[in-house]
Amino acid sequence: MQNDDKISLEDAYALQTPEDNVALYRHWAETYDVEFARDRGYQYPQIIADIYARHAKPADTPVLDVGSGTGLVASALQEHHSVETQLTIDGVDISPEMLAVSRTKNVYRHLFEADLTQSIDLPEKQYGAVVSAGTFTHGHVGPEALIKLLRLCRAGALFVIGVNGTAFDQYHFGSHFAALQADQHITPIEFIRVQYYATATDGHAADQGYAALFRKT
C-alpha cells in the first residue's frame, strides 16, 4: 500500500495477520484521526468512554486501553464531564506509528507495543478497568485475548469491551463470554448496542456492534 492511497474500512476488515495490522496502520496513523474518525463521525470511542463513566467506581483505575490506537478512547475519558479527576490510563497497541500519534496527546501514563494475539507481557492484577473500541473486530483481536486481559486485572475490575457486530458471531465471542461467565471468571454481562458512525454515508454507515459490560469476579 502506498502512502498516497486513501485507506478504507474495507482495507482494515480485510486484515488477516498481526503483520497485516502493522503494515496497514503504519500508513494510516498520520491521517487516521481526520480521514477516518472525524470525516465519518466515529463516535464509538466516545460511547465506550460514556459507558465507563456511567458505571465506574473510584477503584476502577488504572485503566488499560486495549488496542489504544491514536488515543481516541483515552482522550474521551480524560475529557469526560462525569470524570472529576484525570484518570490513570495505560495503552497497548500493535502499531508503533499509532502509539507515536497517541503519545503526543498526553493522555496516557504508559504506552506498550504488543501483539494481543500472543502473550501479554504486563504485570498481573494491576488494573482496575479495561476499555476497548475497534479492536475486537475482523482481522484484529479475537475472544481468546479476553482471559489474558482478565489476568492483568484485580478482582472487581470493570470491563467495557466493544465487539464488532458481525465478528461477534463469526469468531464465537458469545460462546467465549458464556464460558467465562460459567466458569465464574466474570459477572453476568450487559450488552449495549453501539452505532459506530454519526455522519458516514457509505455502505458501512449503519454498522453496529456491542459493548460488553461486566466485571472480573
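On a predicted model such as this, the values are computed, not experimentally measured, just so you know. (Residues numbered from 1 in each chain as written. Predicted model: local features only at pLDDT ≥ 70, side-chain atom pairs only at ≥ 80, totals over all residues. Heavy atoms only, no water.)

Draft legend 1. Fine view of helix 6 (residues 96–103). Within helix 6, the full set of buried residues consists of M98, L99 and S102. All buried residues of helix 6 project into a common sector of 100 degrees when viewed along the axis, lining one side. (Buried < 20%, exposed > 50% of the residue type's maximum accessible area, 1.4 Å probe, protein only. Helix = DSSP H or I, 4+ residues; strand = E, 2+ residues; numbered from the N terminus. Arc of directions from axis to C-beta.)

Draft legend 2. Quick peek at the side chain of S95. Looking at the element boundaries, S95 is found in the loop between strand 2 (89–93) and helix 6. In this structure S95 touches Y25 and R26, once residues within four positions along its chain are discounted. (Contact = heavy atoms within 4.5 Å.)

Draft legend 3. Spatial organisation of the pairing of strand 7 (residues 208–215). Counting buried residues in strand 7 gives six out of eight residues, a clear majority hidden from the surface. By the bridge criterion, seven bridges tie strand 5 (residues 153–164) to strand 7 in an arrangement that is antiparallel. Paired with V163 across the strands is Y210, a residue of strand 7. Here strand 6 (residues 190–195) runs beside strand 7; their pairing, made up of six bridges, is antiparallel. Each bridged residue has a counterpart across the sheet, and for V194 the counterpart in strand 7 is G209. (Pairing = 2+ DSSP bridges.)

Draft legend 4. Representation of the packing of aromatic side chains. Inspection of every chain in the model, using the stated rule, returns 19 aromatic pairs. Centre to centre, the rings of Y42 and Y197 are 5.8 Å apart; their planes meet at 35 degrees, and the pair counts as tilted. Of this pair, Y42 sits in the loop between helix 3 (32–40) and helix 4 (44–55) while Y197 is found in the loop between strand 6 and strand 7, placing the two residues 155 residues apart along the sequence. When sorted by exposure, Y42 lands in the same class as Y197, which is buried. An aromatic cluster of at least three residues, connected via ring pairs, comprises F136, F159, F168, F173, F177, F191, Y210 and F214. (Phe/Tyr/Trp six-rings, centres within 6.5 Å; stacked < 30°, edge-to-face > 60°.)

Draft legend 5. Quick peek at unusual backbone geometry. Going from T61 to P62, the amide bond is cis rather than trans, its omega being 0 degrees. Tracing the backbone shows P62 in the loop between helix 4 and strand 1 (63–66). Its identity is not glycine, yet N106 carries a phi of approximately 55 degrees, on the positive side. Considering the arrangement of structural elements, one finds N106 in the loop between helix 6 and strand 3 (110–113).

Draft legend 6. View of the pattern of salt bridges. The full count for this structure, using the stated rule, is six salt bridges. Among the salt bridges present, the one from R215 reaches D60, with a minimum N-O distance of 2.9 Å. Here R215, found in strand 7, pairs with D60, found in the loop between helix 4 and strand 1; they are 155 residues apart in sequence, far enough to count as distant. The same class applies to R215 and to D60, which are both buried. (Salt bridge = Lys/Arg side-chain N within 4 Å of Asp/Glu carboxyl O.)

Draft legend 7. Region of interest: helix 9 (residues 173–182). The set of residues buried in helix 9 consists of F173, F177 and L180. The buried side chains of helix 9 occupy one side of the element, clustering within an arc of 60 degrees when seen end-on. In the stretch just after helix 9, Q184 is the one whose phi turns positive, near 60 degrees.

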